[in-house]
Amino acid sequence: MRGPVSPFQVRHPRVSPLEPATVSEVRQRLAEAEGDSLRAIIEAFATDPRSGVRRLVEQARRRQELALAEQERLRCLYLTESSLRRDGFCVVAGVDEAGRGALAGPITAGACVLPAAPLIEWLDDSKRLAPARRAVVAERIRENAICWSVAHVDASTIDRVGMTAALRQVMRAALGALDLEPDHTLVDGLPVGVAQVETAVVGGDRCVAAIAAASVLAKTERDALMERFDQHHPGYGFRANKGYGTAEHLAALESLGPSPVHRRTFQPVLGTGTLF
């Protein structure tokens, strides 16, 4: 009669349960497992006397804790839309901008309507995401959103109408380009007046999923545009600074003067020499 299986023996179809698991096998099983399966493996090897296994189990436990924390963060991020859907709103859009404080390039707005599921992993305010992760999140938004759009208002229009009017214009353009007409619009910060039914949420790009998604779309699309401008207007470092007033950008303005995509009414562009 076989005795009880030791927790240090392998419960994996590729290895006999009578053979003890090597450290490398434990590493592989922990790396491949998720959710309840990961929890079971952690419990099975929690009292393994081998120091290498204990380190792997502790790493897996931290990974599991981070995953649970991320799930809870995402659940909270989607609460506003969930509440509005329960109140009878069917098409809840988030809208946000990128480039308001730049010295060159457009102001860009993203608009997005997200489904209740799936929750988009890593979704967050665009400013809190590293560029590589932001690109991945943007692609997931485009793949999973019910609808989304991006609009730009160029520098000359900003100079002509002013930032407040340009912001309202670009947000309305983004919302108007959606495939569905929103019955409730969520905006970041203060009220903008871009929709009949509008809710402004201070810090919304960090706490409301649809606004966060809009911020990611606006940021990635504008960054790509500024990188193209870098090819047409070299010397200002647009690929790196995206039109913002870095020390290198300011030095280029002093030596080259403003380009056609600079905002002439913005300090310190205002008063610099004109090259174009």
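Structure shown above.
Below or above, wherever it landed, is the structure these notes cover. In this text, all values refer to a predicted model and were calculated from it rather than measured experimentally.

About the thresholds
Residues numbered from 1 in each chain as written. Predicted model: local features only at pLDDT ≥ 70, side-chain atom pairs only at ≥ 80, totals over all residues. Heavy atoms only, no water. Salt bridge = Lys/Arg side-chain N within 4 Å of Asp/Glu carboxyl O. Buried < 20%, exposed > 50% of the residue type's maximum accessible area, 1.4 Å probe, protein only. Helix = DSSP H or I, 4+ residues; strand = E, 2+ residues; numbered from the N terminus. Axes fitted to C-alpha atoms, helices over the stretch in contact; angles between N-to-C directions. Left-handed = near helix turned anticlockwise from the far one by under 90°. Contact = heavy atoms within 4.5 Å. Nonpolar A, V, L, I, M, F, W, Y, C, P; charged D, E, K, R; others polar. Phe/Tyr/Trp six-rings, centres within 6.5 Å; stacked < 30°, edge-to-face > 60°. Lys NZ or Arg CZ within 6 Å of the ring centre and 35° of its normal. Pairing = 2+ DSSP bridges. Arc of directions from axis to C-beta. Core = buried A, V, L, I, M, F, W, Y, C linked by side-chain atoms within 4.5 Å.

## Quick look at the pattern of salt bridges
- Summed over all chains, the structure comprises 19 salt bridges.
- Across the pair aspartate 48 and arginine 50 runs a salt bridge, and its minimum N-O distance is 2.7 Å.
- On the basis of relative accessibility, which here comes to 29%, the residue arginine 50 falls in the partly exposed class.
- Aspartate 205 is the partner of lysine 127 in a salt bridge, and the nearest nitrogen-oxygen pair spans 3.2 Å. Linking lysine 127 in the loop between strand E2 (107-113) and helix H5 (131-144) with aspartate 205 in helix H8 (residues 204-207), this pair joins segments that are 78 residues apart in sequence.
- What makes aspartate 205 buried here is its relative accessible area of 6%.

## So, the packing of H5 against helix H9 (residues 209-232)
- At a minimum axis distance of 9 Å, the contact between H5 and H9 shows a crossing angle of 115°. For the pair H5 and H9, the crossing hand works out as left-handed. Across the interface between the two elements, Arg134, Val137, Ala138, Ile141 and Arg142 of H5 pack against Ala213, Val216, Leu217, Lys219, Thr220, Glu221 and Asp223 of H9.
- When its residues are assigned to classes, the contact of H5 with H9 shows six nonpolar, one polar and five charged.

## Digging into the packing of aromatic side chains
- Following the criterion strictly, the structure yields one aromatic pair and no others.
- On the numbers, 5.4 Å between centres and 10° between planes, the contact of tyrosine 236 with phenylalanine 238 is stacked.
- Across from the ring centre of tryptophan 122, 3.7 Å away, lies the NZ or CZ of arginine 133, which sits over that ring.
- Note that arginine 142 overlies the ring of tryptophan 148, its terminal NZ or CZ placed 6.0 Å from the centroid.

## Concerning the sheet that holds strand E4 (residues 184-188)
- The strand order across the open sheet built from five strands is E3-E2-E1-E4-E5, with neighbouring strands paired in mixed fashion. The open sheet has two edge strands with one neighbour each: strand E3 (147-153) and strand E5 (198-201). On average, each strand axis in the sheet is tilted by 20° relative to the strand beside it, whichever way the strands run.
- Of the pairings in the sheet, the one linking E4 to E5 comprises four bridges and is parallel in character. When the bridges of E5 are listed, threonine 185 appears paired with glutamate 198.
- Packing against the sheet, helix H7 (residues 163-176) makes contact with strand E1 (92-98), E2, E3 and E4, and its axis sits at approximately 35° to E2.

## Observations regarding the pairing of E4
- Where burial is concerned, most of E4 is hidden: five out of the five residues are buried.
- Alternating residues of E4 divide into His184, Leu186 and Asp188 and Thr185 and Val187, and every residue in both groups is buried.
- Where E1 and E4 come together, four bridges link them in parallel fashion. Each bridged residue has a counterpart across the sheet, and for glycine 94 the counterpart in E4 is leucine 186.

## Considerations on helix H2 (residues 35-44)
- What H2 keeps buried is the set Leu38, Ile41, Ile42 and Ala44. The arc enclosing the buried residues of H2, seen along the axis, measures out at 165°, which places them on a common side. Structural note: H2 exposes Asp36 and Glu43 on the side pointing more than 90 degrees away from its buried face.
- In this structure, the buried residues of H2 make contact with helix H1 (23-32) and helix H3 (51-77).

## A few points about the nonpolar core
- Ile107, Ile158, Val170, Met171, Leu175, Leu178 and Phe238 are the most contacted members of the largest nonpolar core, which totals 34 residues.
- Of all the secondary structure elements, the ones that give two or more residues to this core are E1, E2, E3, H7, H9 and helix H11 (247-256).
- Per-element accounting of this core gives the leading share, seven residues, to H7.
- Those residues in contact with leucine 178 that lie beyond four places of it in its chain are Ala93, Ala111, Cys112, Val113, Cys147, Trp148 and Ser149.
- Counting 17 residues, the second largest nonpolar core, distinct from the first, contains Cys112, Leu129, Ile141 and Ala209.

## Digging into the environment of proline 258
- Turning to its location among the elements, proline 258 is positioned in the segment after H11.
- With relative accessibility at 1%, the residue proline 258 sits in the buried group.

Worth remembering: the numbers are spatial, not functional.
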